[in-house]
Amino acid sequence: MPSRRWRVAMFLLAFFAVPLGTRGQDGPHIGYIYPAGGRRGTTVEVSVGGQHLSGVTGGNVSGQGVKVKLISHADPLSGDQLSALSSKVRQLESQYARIPEHRRTGGNTYESLVIEGFKNYCKKLKAARMTPKAFLSLRERLRDPKRQPNAQLGETVSLNIIIAPDAKPGRREIRLQTSSGVTNPLVLDIGQYTEYLENEPNNKAPDAGADKSLPVIVNGQIMPGDIDRFAFTARKGMKLVAVVSARELIPYLADAVPGWFQASLKLSDMKGREVAYTDDFRFHPDPVIQYEVPADGKYVLEIKDSIYRGREDFVYRITIGELPFITGVFPLGGPAGAETRVKLTGWNLPSDVLIVDASKSGPRTIPITLDKDKCSSNAMPFVLDTLPESPESEPNNKTAAQRIKLPMIINGHIDRPGDWDVFSFTGRKGDEVVAEVLARRLESPLDSLLKITDVSGKLLAVNDDYEDKGAGLVTHHADSRIGLKLPADGEYQVHLGDTQHKGGSAYGYRLRVSLRRPDFELRVVPSGINALSGMTVPITVYALRKDGYSGEIALELKGAPRSFVLGGGNIPAGQDRIRLTLTVSRIPRSEPLNMRLIGSAVIGGKEISRQAKPAEDMMQAFLYRHLVPAQDWVVTITGERRNKITFTVLDEEPVKLIPGRTAHTRIAAPQGLLDRKFQLKLNQPPKGVTIKKVLPDQRGLLVEFSVDKELARPGEKGNLIAIGSVEVTSTYWSSSSRKRKRGEKPRIIRRRISLGALPAIPFELIAAPGAEAAPAAAARK
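Not measured: the values here are computed from a predicted model.

Novice: Help me understand the pairing of strand β6 (residues 155-163) in this model?
Specialist: Two faces, one strand: in a regular strand the side chains alternate between the faces of the sheet. Pairing geometry for strand β3 (residues 43-51) and β6, over 8 bridges, is antiparallel. Paired with G49 across the two strands is T156, which belongs to β6.

Have a look at this one:
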């Protein structure tokens, strides 16, 4: 068995050595917050794990009524500090282990002497943030074989979250504020019930701390192989609901399969018999149990990862009690500008009917909830639209199709397994008709299958799954969509069923059948931007085009000072993604600035404007990427920039790039920049495009581009993002001037210093003259 001293030293090495030299270029990042929420009217101490959090001063929470106060920050130690502390731990433990208990002064224990010596040595090393409490925590973690160091979670920040009594309950987002700017956002849940933190160990004997507190929200973390158990008292007839939030808190893990904490939930009675088990709720990974209690007594709720993984970011919240919980609504949407009577299904609901008043709302998706005993149920999405609506009318199968007139939204159900709903309409040759299902995106379990046939039954188009890139939290895109240009005048039929041949009252849908309605949505990445004063940074905007809209989209900043400049703010026709630049103000700001990005386009003779939704580009399970929506788009100017070098693109027209040829653009820049060995490199350029050389020009620089005729793709448009740098030379002597030997030469170190990005350089890749005619001439021969 390894000695206590050996275990302490090895844990310190493992825990602190991982982050060394791993600082990337992504800026401050947080991976978890624990607990991930708190009750209104309370102050909650939380731990936040992350990386690159130096100079943390606090944090910001979206919405009103929640404040953040910094307690402490435990950051990784330097290599020298790590080595010195490891040696000191061994020395202290060896020193005090030899002193008999009766000879220790002041009643000090072995542990207290080691801790005090460690604390004093930390101050000497200027590592005072490693407090005795933190050291004790490290020792506990050392004794727990389940714990595994992770560089991305290597720094820990302790915060007080102060929640006002009138703070609105529900999902918020928290970001930490550091000397390098703001972090990515994480979910912070403002709860309505008593909160409880798990008390380890609770893997065998259940934790009874939450007993008699129902309804209650239990907070915990799962480590490798961990099982958490909680005991509580329930009474006969209670309609118990247990709702897990895990994947909802941290939607994607980049280094884990399937890409999130896959919780499983088991309920056992007083005799240890399993009475309920689940590892999901319909198509959601987070499990929900509903159980009608048959007898008074003790019950045990057990949570674990389905494949026994775990880590600090496997955080969960379980809400337990006779909770109002909505499982379904019908219809799934209604007309904007009117009231809709909605039928509800679920558990512990005070009513099965809700009137949704959208008389003052335009087309959008809104959350609907139901209140019981001054507490709200879970929220369900409800979509508002401006098209005419009609309920499904049975029978409407293959032999008795329901007649509709375009455009139309039909609200219906797949009533039973194997059911097909069929709708007929009259179309004209050349009409571009769209049939689209909204079901899974509105919490219906329907896995739709959509077909369009002519009146004779000939299949013209079919679709199972349509990927909606705007639904960043959806991994199984189960809704269907068909776009079809009608081949002739006549009657057509739309057939809707379930791919898995399931059905029932829960399998609701909204089916839109109409001519094309060209439109678009926008996502801007990242949701948080950090920059020094006057700096230019790249951002990415995604265009989610709808119903075949392929035109240009002009981008404009809103809510930002005039000194903020957007470079290359135009999404070319036919493109779904554009990289552009944002140049921030020259004046630093101590607080993040909330901004908006607006996209405008002319569609059908009318100007349409859409606000871009901020998003994080998150990786799932090493491979898949998702645009996960965030609540705010924030910019932080972290401080003064040392170099005041600025660049301006002088050419108003896009650079014409022709395969096999060179092209030029002029950049206004300080004279003499090339004397400092200035370099310019393209960041994520189009294939085949490189910078050949940078030459002096009357107003600054002349940049020459080279275009490879084999790799370049004519027709592509966008922005070139270029990063500038200069060379800096430093001189180091191996000894002081007094001890320097005659003839000794200094050590010369050269390194490159980034000047940041230049404003976006618009470009067009066009075919060389005659290049299009050559293949046609060859074909004629």
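That covers the picture; the talk isn't over yet.
Novice: Even after reading the chapter, I still don't get the side chain of D269, so can you show me in this structure?
Specialist: Structurally, D269 can be placed in the loop between β14 (263-268) and β15 (274-278). On the basis of relative accessible area, D269 is assigned to the buried category, the value being 11%. Within the local environment of D269, its side chain forms a polar contact with the backbone nitrogen of K271, the two atoms lying 3.0 Å apart. Setting aside residues no more than four positions away along its own chain, D269 makes contact with V275, K298 and Y299.

Novice: In this structure, what is going on with the sheet that holds strand β1 (residues 29-34)? I would like to understand it.
Specialist: Sheets are built from strands paired through backbone hydrogen bonds, the pairs being either parallel or antiparallel. Pairing is antiparallel in the open sheet, where 4 strands are placed in the order β1-β3-β6-β5. Strand pairing shows two members of the sheet lacking a second neighbour, β1 and β5 (66-74), which therefore form its edges. Strand after strand, the sheet turns through a mean of 30° between neighbouring axes, direction not considered.

Novice: I tried to follow the sheet that holds strand β53 (residues 679-682) on my own but got confused; where do I start?
Specialist: Within the open sheet, the 3 strands sit side by side as β53-β57-β58. Their pairing is antiparallel. Two strands close off the open sheet at either side, each with one partner strand: β53 and β58 (747-757). Sheet twist, expressed as the mean angle between neighbouring strand axes with direction ignored, is 35°.

Novice: Looking at this structure, how should I read the nonpolar core?
Specialist: Where a protein is soluble and globular, its nonpolar side chains tend to be buried together. Within the largest apolar cluster, 58 residues are counted, with the highest numbers of intra-cluster contacts made by L159, I161, I174, L267, I303 and I318. In this structure, L159 is in contact with V44, E45, V46, V48, V68, K69, L70, I71, I174 and L176, ignoring residues within four places of it in sequence. By size, the runner-up hydrophobic cluster in this structure holds 29 residues, among which are V524, I529, L557 and I578.

Novice: Mind showing me how you'd approach the pattern of salt bridges here?
Specialist: Proximity of charged atoms lets side chains of opposite charge pair with each other. Under the definition given, this model contains 37 salt bridges. With a closest N to O distance of 3.3 Å, R516 and E432 form a salt bridge. Here the residue R516 occupies a position in the loop between β36 (508-515) and β37 (519-525), and E432 occupies one in strand β31 (residues 432-438), the gap between them amounting to 84 residues. A relative accessible area of 39% places E432 in the partly exposed class. K546 is paired through a salt bridge with E521; the nearest N and O atoms lie 2.7 Å apart. On the criterion of sequence distance, the pair formed by K546 in strand β39 (residues 536-546) and E521 in strand β37 is long-range, its members being 25 residues apart. K546 sits in the partly exposed class, given a relative accessible area of 36%. Taken together, the shared-partner salt bridges in this structure form one network comprising E436, R441, D468, D479, R481, R512 and D547.

Novice: What am I meant to see in the packing of aromatic side chains here?
Specialist: One pair of aromatic rings is described through two measures. These are the centre distance and the angle between the planes. Taken as a whole and judged by the stated rule, the model has 9 aromatic pairs. Relative to W347, the ring of F281 has its centre 6.5 Å away and its plane inclined at 70°; by these criteria the two rings are edge-to-face. On the criterion of sequence distance, the pair formed by F281 in the loop between β15 and β16 (288-292) and W347 in strand β21 (residues 339-347) is long-range, its members being 66 residues apart. Taken together, the ring pairs connect F281, F325 and W347 into an aromatic cluster. When the ring centre of Y252 is taken as origin, the NZ or CZ atom of R247, which lies over that ring, is 4.9 Å away. Positioned over the ring face of Y466 is R481, at 5.6 Å from the centre of the ring.

About the thresholds
- Residues numbered from 1 in each chain as written.
- Predicted model: local features only at pLDDT ≥ 70, side-chain atom pairs only at ≥ 80, totals over all residues.
- Heavy atoms only, no water.
- Pairing = 2+ DSSP bridges.
- Helix = DSSP H or I, 4+ residues; strand = E, 2+ residues; numbered from the N terminus.
- Buried < 20%, exposed > 50% of the residue type's maximum accessible area, 1.4 Å probe, protein only.
- Polar contact = N/O pair within 3.5 Å; in protein donor to acceptor, adjacent residues only side chain to side chain.
- Contact = heavy atoms within 4.5 Å.
- Axes fitted to C-alpha atoms, helices over the stretch in contact; angles between N-to-C directions.
- Core = buried A, V, L, I, M, F, W, Y, C linked by side-chain atoms within 4.5 Å.
- Salt bridge = Lys/Arg side-chain N within 4 Å of Asp/Glu carboxyl O.
- Phe/Tyr/Trp six-rings, centres within 6.5 Å; stacked < 30°, edge-to-face > 60°.
- Lys NZ or Arg CZ within 6 Å of the ring centre and 35° of its normal.

None of this, on its own, says anything about what the molecule does.
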